[in-house]
Amino acid sequence: MEKWYVTMKKADFDGWARKFNITPVVARILRNRNMTGEEEVRKFLGGTLEDCYSPWLLKDMDRAVEEILAAIESDISIRVIGDYDVDGVCASYILTKGLQILGARADTAIPHRIHDGYGLNDHLIEMARQDGVGMIVTCDNGIAAAPQIALANSYGIKVVVTDHHEVPFVTEDGTRRELAPPALAVIDPKQERCSYPFPGICGGVVAYKLMTALAERTGSAELKDVLEELLEFAALSTVCDVMELKDENRILVKEGLNRLRHTRNQGIRALTEVNGIDPEKLSAYHLGFVIGPCLNATGRLDTAKRALELLQSKNRVEAMTAARELKELNDSRKNMTLQGVEQAERFLAQQGMEGDKVLVIYLPEVHESLAGIIAGRIRESHHHPVFILTKGEEGVKGSGRSIEGYHMYQAMTEVKQYFTKFGGHAMAAGLSMREEDVEAFRRDLNRNCRLEPEDFIPKVHIDVPMPIDYGDMRLAEELELLEPFGVGNPRPLFAHKDLIFLTGHKMGANQTCARYQVRTETGARCQVVFFGDLDKFGAFLEEKFGPGSEAALYAGRGNFPVSVAYQLGKNTYRGNTELQYVMQHYS
């Protein structure tokens, strides 16, 4: 069951339409993206890198730049320590390449997901000491690593933290107090005393901002030139870490995609080729659902160092070999994920957890690297916050994925006594804990949960109720101005009430999608495609219109009024471009 909402925010739609040469429909969509003034609209439609925020607005940026340049001047060995996901790998690539261009003796260490776990740990600090490292620069981690940074300090190793995750805190007498790590500089836009205007950036963008500041301070022409390539990885990080594509994130991804389509990076070019992607058509979708998962697969099933090595490839032969290996790993990961989702569904059916608001699913046999993906799948199908727990080498490890209205990290701080390690943000989190605490964690998490029954009903936000035959090629082309689409800037959704479904035809090698001919109130006919669950749609028809309705539709004997939420776009096939209406929801 879904609940549909029509967004009804008000603005001078006609005025915006005249000002920016767009239709009132697109003006209304812009208002639905929380834009209130003409400057915001201008920035959204035509923003450039000049509209992005200065890196110097980030707290401790001055200090970080000074300490890094002093380390380079003193020939101190610098180690970049990242993370094993796409954001961490890209941020590591950005920092390492930038520092080396400035003449630093810099190398990279990326934690092993299973042996090391997330972020800094004592083992990595000890290795740095043994290797004679004098400075550690973290990326996409470090904000919650106070003990490890204290250990590094005791060895005389300087530490600069660059991160974007929530800052640990304690609440004393009703007052929240942040627990910043004892590093020389801590760059994290989530800090309360950070004046950065848009805290929703990822680790790769924080690293990119640091390189931008270093380029400005040093005047290095070579680093300034390389910023063009580093921007590509900031964009890739932003999409793959599921950051909201609004404000400067949208500009960075838009500009990054323009460069990625003509990238000079051998690794990205090879990944694009082995996945059969036309570089000119590269989109945010490809970054998030094709390129990113291949890079992530190494950190899940092997070591993320292989992903970093791919990005650092010096020639095509080397890059193509690595890219093929990554694609094979990702194909294996897909099969393991399907099996894990099936196990999670069986667990829910057997354990009788219907009364739980937060689903805590313990799957000891599932590979711990797949917990986050499986949690996301279960969250989508059940629309509850979900934690998937697996058995690691040292206790239980897990990942959580949340729903709108449930701040996962804050909820975890209320039961932090059960964790040996945890971190995250509103929509996702990771943890380690003892196996004997799993049931108590589930009990207390649910006891504290303040979600109401209506919070578990999926919400469908309609941008504009619009007859399907109102859409034309001009509007479809205008909608392209709103790209790239993603979290925070979804593809516009329209709605048509009681669209008459006349006939249907299943398509694809496995008959998993369909094309329907429909009729509007005016008598106009057009085609609607559907890429969703055909069995579920068939069951809906049978329930609403009676037995045999599904068969009647596919036999061309349909006359069924169905309300449809749809997307409008263009589809090009064999050189021909036509309007395409894609059904996303129905009732």
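Basis of the calculations
Residues numbered from 1 in each chain as written. Predicted model: local features only at pLDDT ≥ 70, side-chain atom pairs only at ≥ 80, totals over all residues. Heavy atoms only, no water. Buried < 20%, exposed > 50% of the residue type's maximum accessible area, 1.4 Å probe, protein only. Helix = DSSP H or I, 4+ residues; strand = E, 2+ residues; numbered from the N terminus. Contact = heavy atoms within 4.5 Å. Pairing = 2+ DSSP bridges. Axes fitted to C-alpha atoms, helices over the stretch in contact; angles between N-to-C directions. Salt bridge = Lys/Arg side-chain N within 4 Å of Asp/Glu carboxyl O. Phe/Tyr/Trp six-rings, centres within 6.5 Å; stacked < 30°, edge-to-face > 60°. Lys NZ or Arg CZ within 6 Å of the ring centre and 35° of its normal.

### Side note on helix H3 (residues 38–46)
Listed in full, the buried residues belonging to H3 are Val41, Lys43, Phe44 and Leu45. Each element contacted by the buried residues of H3 is listed here: helix H1 (13–20), helix H2 (24–32) and helix H10 (248–260).

### What about the sheet that holds strand S11 (residues 395–401)?
To summarise the sheet geometry, strands pair through backbone hydrogen bonds and adopt either a parallel or an antiparallel arrangement. Strand order in the open sheet made by the five strands is S9-S10-S11-S13-S12, with mixed pairing throughout. Looking at the sheet topology across the chains shown, the edges are occupied by strand S9 (359–362) and strand S12 (419–424). Within the sheet, the average angular offset between the axes of one strand and its neighbour, ignoring direction, is 15°. Where S12 lies against strand S13 (residues 428–433), five bridges are found, and the strand directions are antiparallel. Bridging from a neighbouring strand, Lys421 pairs with Ser432 of S13.

### What about the pattern of salt bridges?
Scanning the entire structure with this criterion turns up 33 salt bridges. One salt bridge connects Asp331 with Lys327, and the closest N-O pair in it is separated by 3.4 Å. Separated by four residues within a single helix, Asp331 and Lys327 lie in helix H14 (residues 316–351), roughly one turn from each other. Among the ionic pairs, Glu414 bridges to Arg450, the shortest N-O distance being 3.0 Å. Here Glu414, found in the loop between helix H16 (408–413) and S12, pairs with Arg450, found in the loop between helix H17 (438–448) and strand S14 (459–462); they are 36 residues apart in sequence, far enough to count as distant. Given the relative accessible area of 37%, Glu414 is considered partly exposed.

### Regarding the packing of aromatic side chains
Applying the stated criterion to the full structure yields 20 aromatic pairs. Ring geometry for Phe494 versus Tyr566: centroids 5.7 Å apart, planes at 35°, classification tilted. Placement of the pair is Phe494 in strand S16 (residues 494–507) and Tyr566 in strand S19 (residues 560–573), with a sequence separation of 72 residues. You can call Phe494 buried: its relative accessible area is 0%. Tyr566 gets classed as buried once you look at its relative accessible area, which sits at 0%. Put simply, the rings of Phe501, Tyr516, Phe530, Phe537, Phe540, Tyr554 and Tyr586 pair up and form one aromatic cluster. The ring of Tyr155 carries the charged tip of Arg129 above its face, separated from the ring centre by 4.9 Å. Sitting over the ring of Phe44, Arg250 keeps its end group 3.7 Å from the ring centre.

Functional significance is not addressed by these values, which are geometric in nature.
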